[in-house]
Amino acid sequence: MTPDLDSLATALYVKTDDLLKESPHLAPWRPEIGIAPRLSDAELVTLAVMQALLGFTSERRWLRHADAHLRHLFPYLPGQSGYNRRLRKAADLIAQVNRLLATDTSLWSDTVWVVDSTPVECGRSRETAKRSDLAGWAEYGYCASHSRYFWGLRLHLVCTLHGLPVTFALTGAKADERQTLLGMLHAEPDLVRPGQTLIGDRHYYGRAFEHELAEWGVHLLRPARKGEPERAGARLFKPLRQIIESVNQTFKAQLDLERHQGRTPAGVMVRVLQRILALTSAIWHNDRAGQPVMRSLTAYDH
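Residues numbered from 1 in each chain as written. Predicted model: local features only at pLDDT ≥ 70, side-chain atom pairs only at ≥ 80, totals over all residues. Heavy atoms only, no water.

Visitor: Quick question: what am I supposed to make of the overall build of the protein here?
Guide: Looking only at helices and strands, the protein features 10 helices and 6 strands. Seen along its three principal axes, the alpha-carbon backbone of the protein occupies a region of about 65 × 50 × 35 Å. Across the protein, contacts joining residues at least 24 apart in sequence account for 67% of those joining residues at least 6 apart. If you sum the accessible surface of the protein, you get close to 14,700 Å²; carbon and sulfur atoms cover 51% of it. Here the protein contributes 38 positive and 33 negative side-chain charges, whose respective centroids are spaced 7 Å apart. (Helix = DSSP H or I, 4+ residues; strand = E, 2+ residues; numbered from the N terminus. Contact = heavy atoms within 4.5 Å. Areas by Shrake-Rupley, 256 points an atom, 1.4 Å probe, with all protein chains shown as cover. Lys, Arg positive; Asp, Glu negative; His and termini not counted. Charge placed at Lys NZ, Arg CZ, Asp CG, Glu CD.)

Here it is in structure tokens:
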């Protein structure tokens, strides 16, 4: 455990605990009469973020590691099944904490966003696809950047130029990226700021699509498709597009997005949320501490 990670864990716990004191209804529901959990909800959220930052995809191995090295932060640790069950029930709380941290940074008011989608593979065998509880949501899709087909979902992410997640959606692999983006904006209309610029790839095209974005006050910057004249901002597109590629690489290489091990819709959702919160927490902590905001999480490794 590095001093940076220890400091992040403490700050995240305090922030989450304060949120639950101010808004106790955000805590996962539990009966009024019964034994109070020995691991608080704030500790649970912190424990989940530490798991993602330290790269443990196995919950059993993670709890053994925490038992050996993190007792100074977590005096009580649940068993693997209890941890898994409570984590699934805490999905809404994790999403609320993520938004709280994001809005508590100096980056939240950024008027330039980038948008993209990335595969979230959920299985490789035909038997898995037929028998999985994810069947019907997960489906076969194609990843152009890796020239491969996959069975699973897509994470659609809007983030700032510093990689801070703004909003996201988890859909089937074949979902239309344009309609998903519009659905995200309709779900949270207050997100869009005056003069908002959105950078996307060639998949975000179409006169009606761009017209609807313009009605939201969003200016779309994307490369020209085959047969189109060169679009405004073409010189800036490539370096700015590398930002979202860097964020996707952080999710996959450092936060093990495709090794989430979720087996049910609720399980996959909370594990994706867990990784988004881990990235947001690292950016928030650096921003509040006055340190350079890094999309790489190497400062928080073992």
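Visitor: Explain the pattern of salt bridges to me, please; I cannot follow it from the model alone.
Guide: As a working rule, side chains carrying opposite charge can pair if their charged atoms are close by. Counted by the stated rule, this structure contains 11 salt bridges. Between Arg71 and Asp67 there is a salt bridge whose closest N-O contact spans 2.4 Å. Residue class for Asp67 comes out partly exposed when judged on its relative accessible area of 39%. For Glu121, the salt bridge goes to Arg148, with nearest N and O atoms at 3.7 Å. Placement of the pair is Glu121 in strand β1 (residues 112-123) and Arg148 in strand β3 (residues 148-160), with a sequence separation of 27 residues. Using a relative accessible area of 22% as the deciding quantity, one classes Arg148 as partly exposed. (Salt bridge = Lys/Arg side-chain N within 4 Å of Asp/Glu carboxyl O. Buried < 20%, exposed > 50% of the residue type's maximum accessible area, 1.4 Å probe, protein only.)

Visitor: Can you help me understand the packing of aromatic side chains in this one?
Guide: According to the stated counting rule, one finds 3 aromatic pairs in the structure shown. Taken together, a centroid distance of 5.3 Å and an interplanar angle of 45° make the contact between Phe56 and Trp62 tilted. The burial state of Phe56 is the same as that of Trp62; both residues are buried. Taking 6.4 Å as the distance between ring centres and 35° as the angle between the ring planes, the aromatic pair formed by Tyr204 and Phe209 counts as tilted. For Tyr204, a relative accessible area of 1% puts it in the buried group. Geometry around Trp108 places Arg193 over its ring, the cationic atom sitting 4.9 Å from the centre. Directly above the ring of Tyr205 sits Arg225, whose terminal nitrogen or CZ lies 3.7 Å from the centroid. (Phe/Tyr/Trp six-rings, centres within 6.5 Å; stacked < 30°, edge-to-face > 60°. Lys NZ or Arg CZ within 6 Å of the ring centre and 35° of its normal.)

Visitor: Explain helix α2 (residues 41-53) to me, please; I cannot follow it from the model alone.
Guide: Owing to its 3.6 residues per turn, the α-helix aligns residues three or four sequence positions apart on the same side. Taking 1.5 Å of rise per residue, the 13 residues of α2 would be expected to cover 18 Å, and the 19 Å separating its terminal C-alpha atoms lies within 8% of that figure. With 13 of 13 residues buried, α2 lies mostly within the body of the structure. Backbone geometry just downstream of α2 places Gly55 in the positive-phi region, at approximately 75°. (Expected span 1.5 Å × (residues − 1).)

Visitor: What am I meant to see in unusual backbone geometry here?
Guide: Trans is the common state for peptide bonds, and a negative phi is the common state for residues other than glycine. One non-glycine residue, Gln261, adopts positive backbone phi at about 65°. Relative to the helices and strands, Gln261 is located in the loop between α9 (234-254) and α10 (265-288).

Visitor: I tried to follow the packing of α2 against helix α4 (residues 80-89) on my own but got confused; where do I start?
Guide: Each pair of packed helices gets described by two things: the angle between the helix axes and the distance between those axes. Between α2 and α4, the least distance of the axes is 11 Å, while the angle of their chain directions is 100°. Classified by the interaxial angle, the pair formed by α2 and α4 is roughly perpendicular. Contacts from Asp41, Leu44, Leu47, Ala48 and Gln51 in α2 reach Tyr83, Arg86 and Leu87 in α4. (Axes fitted to C-alpha atoms, helices over the stretch in contact; angles between N-to-C directions. Parallel < 35°, antiparallel > 145°, perpendicular 65-115°, else oblique.)

Take it as geometry only, folks, not as evidence of what the structure does.
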